[in-house]
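Next come the chains, spelled out residue by residue.
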Amino acid sequence: AETHLDIGFWRSVGHSHNGFFTESFLDEVAVALQADPYEFRRRLLAHDARALKVLDTAAEKGDWRKPLPEGHGRGIAFHESFGSLVAEVAEVSVKDGELRVHRVTCAVDCGMAVNPDSIEAQMESAVVYGLTAALRGEITLEGGRVQQSNFHDYELLRMDEMPLIETHIIEGGPPIGGIGEPGTPPIAPAVANAIYAATGRRIRRLPIRNHDLTVG
């Protein structure tokens, strides 16, 4: 689209926002049908054994069926990009309107896993990157100029805010898919869907920090 602003590429490019749109919408559809969001996705992916294995691994390792205390919730998201399939389960809590992402469980099939350590590192960094954007990433304009200038007013996720990240690699065999970007698209919808599970509030616009998450 034509724009009067110079823009650059963002990690996972169009998959970033499209993953958020589609996986958030699917969650809403599941709730409207009174279906479990994970089981609903399983039905839609029944024709694809590879995708099902990724989804099932994330749900199993992410303790999808394990009960959580009040104010906690889990959300799930699945996305395919750059020849790789990734599912993520996010576990969050909301207390007095404050959000905490406690744990992210990733399952990834990028074909032949040449370097498992690199795959794990890429998934972790993709979650950090995507969480930063989902929670507080925002560029605002005033008088035609970008207001943010550096990391003091465009904050990154800090060490004490990092969730526990678990990566489970599924050997899908050749061909080899990408791994630098596919971990980013699922994290924003997984967290937004988890917020709904915890609070009943839907997040349809990012960043999350612009929303009042106070329950009641």
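Since the model is a prediction, treat every value here as computed from it, not as a measurement.

Can you walk me through the pairing of strand β3 (residues 98–109) in this structure?
Where strand β2 (residues 84–95) lies against β3, eleven bridges are found, and the strand directions are antiparallel. Looking at β3, one finds that Ala87 is bridged to Ala107. What sits between β2 and β3 in their antiparallel hairpin is a turn of two residues, with Asp96 showing a positive phi close to 55°. Where β3 meets strand β6 (residues 164–169), six bridges bridge the pair, whose relative direction is parallel. Bridge pairing links Ala107 to His168 in β6.

Could you clarify how one ought to interpret the environment of Val127 in this entry?
Positionally, Val127 belongs in helix α4 (residues 116–136). In this structure, the C-alpha to C-alpha distance between Val127 and Val13, residues 114 residues apart in sequence, is 15 Å. Apart from residues lying up to four places away in sequence, Val127 is in contact with Glu88, Val104, Cys106, Ile165 and Ile187.

Please clarify how the layout of surface pockets should be interpreted in this entry.
Think of a ball as big as a water molecule: rolled over the atoms, this probe shows where empty space is left. In this structure, the largest pocket spans a volume of roughly 980 Å³. Trp10, His17, Gly137, Ile139 and Tyr154 are, among the 29 residues lining the largest pocket, the residues nearest its centre. Broken down by element, the lining of the largest pocket gets its largest block of residues, five residues, from helix α1 (residues 13–32). Each residue belonging to the lining of the largest pocket can be placed in one class, and the counts come to 18 nonpolar, seven polar and four charged. Computed from the structure, the second largest pocket encloses a volume of approximately 340 Å³. In terms of lining, the second largest pocket is formed by 14 residues, of which the most central are Glu98, Leu99, Leu135, Arg136 and Arg209. Those elements giving two or more residues to the lining of the second largest pocket turn out to be β3 and α4.

Rules behind the numbers
- Residues numbered from 1 in each chain as written.
- Predicted model: local features only at pLDDT ≥ 70, side-chain atom pairs only at ≥ 80, totals over all residues.
- Heavy atoms only, no water.
- Pairing = 2+ DSSP bridges.
- Helix = DSSP H or I, 4+ residues; strand = E, 2+ residues; numbered from the N terminus.
- Contact = heavy atoms within 4.5 Å.
- 1 Å grid on protein atoms, 1.4 Å probe; cavity = no way out; pocket = protein on both sides within 12 Å on 5 of 7 lines; lining within 4 Å.
- Points joined across faces, edges and corners; volume = space filled by probe spheres on them.
- Nonpolar A, V, L, I, M, F, W, Y, C, P; charged D, E, K, R; others polar.

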